Structures are given as C-alpha cells and as structure tokens.
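So you can see what is in the structure, the chains are spelled out below.
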Amino acid sequence: MNHGIGVDIAFLLLATLAVVTGWRVFRTDSMVRASFFLLVSFIAVGVIMILLAAEYLGVAMFFMMAVEMTVMALFMVMFMMNPAGLNPMNMVHQERIAIGAGIVGFLVLGAMALFAVFPDQPVSASLDPVKSLGNEMLGDSMLIFESAGLVLLTTMIGVVVLSCHRGRYGAAAEGSLPPGLEPGGDPAGKPEEDEEEEGGGHHHHHHHH
C-alpha cells in the first residue's frame, strides 16, 4: 500500500494505546475508571479502522462505544459496592483460566493476521459503501433492526426493574417518600397514621440520594 510514514506512526501509537488501556482495565480498582479505559481502547481501534479506510465502521465504533461505556459507568455507580475504587479490588476472576484464554486468543488472532490469505477483491470506486449500507439497514432489513432495538430496550428496563427492588440502602419501597401534592405538603398517597410514625425518620434519609 502506498501511504505516508505518518499513517504507520499513527497506527503504531494507536495500537499501543489500545493495548495499554485494555490492560489498564484489569489493573484499576475503580469500575468507572475501567469503563473509561475500555472506551479509550475501543476509540483507538475505531481510529485504526478509519486509517484502514473503513470510515463507517470507525465512526460507528465511536458512537456505539461512547454511549455504551457511559451507560456501563452509570450502571456501575448504581449497582456496584465499590464504583469509585476507594477499596482495592481485583478485576480478574479465575485468574489461570483468564490468562490461558488471553494467550490462546492472542496466538490464534496473531496467527490469522500473519498467515491467513485474505481475498483481494477491490470494490469498484463508484460504489459508496455508506450509502449502500444505509439502503440495506433502512430498506429490507429495517424491521429486524427496529425489533432488535425494542428487544434491547425492554431487556434493559426489565433488568433495572428486577435489580432495583432492593436498592443499595435497603428495600426500594421503604425509606423514600413520594412528593406532596402541594409544595411542602404531606406525601401523596400515604396513610396518615403511617406517615406520623415514619415521617420523622425518613426525611433526613431522603436527602442522601
């Protein structure tokens, strides 16, 4: 391929960044930090895709991973005991299996990259890959994509509902008061005697959230 030295330097720097940040994901104590290290790693891979002239895949990687890792960081803050990494913790479970799987995966992918014979079928210059992909996604395959999106959304809502019944501070149904119908009024929909017993104990609790 006839490209300048700049592309080679950029590739080496981005590849190093992707590998180093990928390694840091497993070395940090903080779940949120791990999410963002993973995001940097994926973005470096996305830029490498753009260098390979796969602009659509590279930009799609940016958009997907930016949103995905941000959501992951939010979920970590919501559900994990130690999202900020204030206590030391190990990100790797079953270390021997993890190391073995990592080495095998690296060797297989490396062998594929070095020894596989890739097909040499250049696409005609007149074909616009982004346009043809758009026609496919919003034409014949639109129903599949729409259905997949709905299924993922309902799955996410279901996961949150199932896991939120018991919040970090105890049962979700206790300890938080509904807002009053008038500003500063009594909590809506709560029996009077119930309110008087529990009201005092719960007001200060409400401010923690």
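Note that residues are indexed from 1 along each chain, following the sequence as it is written. In keeping with the predicted nature of the model, local features appear solely for residues at pLDDT of at least 70, side-chain atom pairs appear and are counted solely at 80 or more, and the whole-chain, interface and lining totals rest on all residues. Think of the side-chain values as coming from all heavy atoms in the structure, minus any hydrogens and water.

S.K.: Would you take a moment to explain the overall build of the protein chain for this structure?
M.R.: Strands here mean DSSP runs of E at least two residues long; helices mean DSSP runs of H or I at least four residues long; both are numbered from the N terminus. When helices and strands are tallied, the protein chain shows seven helices and two strands. For the protein chain, the proportion of its 209 residues judged to be buried stands at 15%. Working rule for contacts: check all heavy atoms of both residues, and any pair within 4.5 Å makes them a contact. Contacts in the protein chain between residues far apart in sequence, at least 24 positions, make up 57% of those at least 6 positions apart. Exposure was quantified through the Shrake-Rupley algorithm and a 1.4 Å probe, taking into account, for residues, occlusion by the shown protein chains and nothing else. In the form shown here, the protein chain has an accessible surface area of approximately 16,000 Å², with 70% of it arising from carbon and sulfur atoms. Working definition: with a 1.4 Å probe on protein chains only, accessible area under 20% of the residue-type maximum means buried, over 50% means exposed, and in between means partly exposed.

S.K.: How should I be thinking about the UniProt feature "transmembrane region" (unreviewed entry) in the protein chain in this particular structure?
M.R.: UniProt positions are given in the numbering used here, feature names are shortened, and annotations may be inferred rather than shown by experiment. Following the UniProt record, the feature "transmembrane region" (unreviewed entry) maps to residues 6-23, 35-54, 60-85, 97-118 and 138-162 here. For the annotated span residues 97-118, helix accounts for 86% and strand for 0% of the residues, and the straight-line distance between the end C-alpha atoms is 31 Å.

S.K.: Quick question: what am I supposed to make of the environment of Ala34 here?
M.R.: On the secondary structure map, Ala34 appears in helix H2 (residues 31-51). Under the relative-accessibility criterion, Ala34 is labelled buried at 7%. It is 9.9 Å that separates the C-alpha atoms of Ala34 and Met72, two residues lying 38 residues apart in sequence.

S.K.: Could you clarify how one ought to interpret the packing of aromatic side chains in this entry?
M.R.: The description of an aromatic ring pair uses the distance of the two centres, along with the angle that the planes make with each other. A pair of aromatic rings is counted whenever rings of Phe, Tyr or Trp (Trp by its six-membered ring) have centres within 6.5 Å, and the orientation is called stacked for planes under 30 degrees apart, edge-to-face for over 60 and tilted otherwise. Using the criterion set out here, one finds zero aromatic pairs in the structure. A positively charged side chain is recorded as over a ring if its NZ (Lys) or CZ (Arg) lies within 6 Å of the ring centre. The angle to the ring normal must also be within 35 degrees. Looking at Arg24, its charged tip hangs above the ring of Trp23, at a distance of 5.7 Å from the centre.

S.K.: Help me understand the nonpolar core, please; the structure alone is not making it clear to me.
M.R.: Counting residues in each nonpolar core, the largest one holds five residues, listed as Val25, Met31, Ala34, Met76 and Met91. Setting aside its immediate chain neighbours within four residues, Ala34 contacts Val25, Thr28 and Met91. Note on terminology: a nonpolar core comprises buried Ala, Val, Leu, Ile, Met, Phe, Trp, Tyr and Cys residues joined through side-chain atoms within 4.5 Å.

S.K.: Please explain the confidence of the model for the protein chain as it appears in this structure.
M.R.: For every residue, the predictor states its confidence as a pLDDT score lying anywhere from 0 to 100. Mean pLDDT for the protein chain: 79, with 77% of residues reaching 70 or above. Segment residues 194-203: pLDDT under 50, and seven contacts once partners within four positions in sequence are set aside and those in other chains are kept.

S.K.: Looking at this model, I keep getting lost on a nonpolar patch on the surface. Mind explaining?
M.R.: Side chains of Tyr56, Leu57, Val130 and Leu133 sit close together on the surface and give an oily, nonpolar patch of about 330 Å² of accessible area. Of all elements in the fold, only helix H3 (55-79) and helix H5 (129-138) reach the threshold of two or more residues within the nonpolar patch. By the element assignment, Leu57 lies in helix H3. For patch building, the residue pool is restricted to those with more than 30% relative accessible area and no salt bridge; the joining distance is 9 Å between like charges and 5 Å between nonpolar side chains (Val, Leu, Ile, Met, Phe, Trp, Tyr). Salt bridge, as applied in this entry: a Lys or Arg side-chain nitrogen positioned within 4 Å of an Asp or Glu carboxyl oxygen.

S.K.: How should I be thinking about the packing of H2 against H3 in this particular structure?
M.R.: The description of two packed helices rests on the angle between their axes and on the distance between the axes. Between N-to-C directions, angles span 0 to 180 degrees; the directions come from axes that are lines fitted to C-alpha atoms, helices contributing only their stretch in contact. Contact geometry for H2 and H3: axes closest at 8 Å, N-to-C directions at 175 degrees. Taken together, the axes of H2 and H3 are roughly antiparallel relative to one another. Across the contact of H2 with H3, the residue classes break down as 22 nonpolar, three polar and one charged. Every angle not falling under 35 degrees, over 145, or within 65 to 115 is termed oblique; those three ranges are roughly parallel, roughly antiparallel and roughly perpendicular. Only Asp, Glu, Lys and Arg are considered charged, only Ala, Val, Leu, Ile, Met, Phe, Trp, Tyr, Cys and Pro nonpolar, and every remaining residue, Gly among them, polar.

S.K.: Even after reading the chapter, I still don't get helix H1 (residues 5-25), so can you show me in this structure?
M.R.: The periodicity of an α-helix, 3.6 residues per turn, causes residues three or four places apart in sequence to face the same way. Working rule for helices: expected span equals 1.5 Å times residues minus one. For H1, built from 21 residues, the straight-helix expectation of 30 Å at 1.5 Å per residue is met to within 8% by its first-to-last C-alpha distance of 31 Å. Leu14, Ala18, Thr21, Gly22 and Val25 are the residues of H1 that are buried. The buried residues of H1 occupy an angular sector of 105 degrees when the element is viewed end-on, so they sit on one face. Residues of H1 that are exposed and point over 90 degrees away from its buried face: Ile5, Leu12, Leu13, Val19 and Trp23. Contacts from the buried residues of H1 go to H2. Each direction from the helix axis to a C-beta atom contributes to the arc, which is the arc of those directions.

S.K.: What should I look at first to understand the packing of H1 against H2 in this one?
M.R.: Interhelical geometry of H1 versus H2 gives an angle of 155 degrees and a closest axis separation of 8 Å. Classified by the interaxial angle, the pair formed by H1 and H2 is roughly antiparallel. Along this stretch, H1 crosses H2, giving a crossing that reads as left-handed. Counted together, Val7, Ala10, Phe11, Leu14, Ala15, Leu17, Ala18, Thr21, Gly22, Arg24 and Val25 of H1 and Ala34, Phe37, Leu38, Val40, Ser41, Ala44, Val45, Val47, Ile48 and Leu51 of H2 form the full contact between these two elements. When the residues that make up the contact of H1 with H2 are grouped by side-chain class, the tally is 17 nonpolar, three polar and one charged. A clockwise turn of the near helix away from the far one marks a right-handed crossing, whereas an anticlockwise turn of less than a right angle marks a left-handed crossing.

S.K.: Got a minute to help me understand the side chain of Thr21 in this structure?
M.R.: Along the chain, Thr21 turns up in helix H1. For Thr21, a relative accessible area of 7% corresponds to the buried category. In the analysis that follows, any N or O atom pair within 3.5 Å is treated as a polar contact, provided that within protein one partner can donate a hydrogen and the other can accept it, and provided that, for residues neighboring in sequence, both atoms belong to side chains. A polar side-chain atom of Thr21 sits 2.7 Å from the main-chain carbonyl oxygen of Leu17. Every residue in contact with Thr21, bar those within four places of it in the chain, is listed here: Phe37, Val40 and Ser41.

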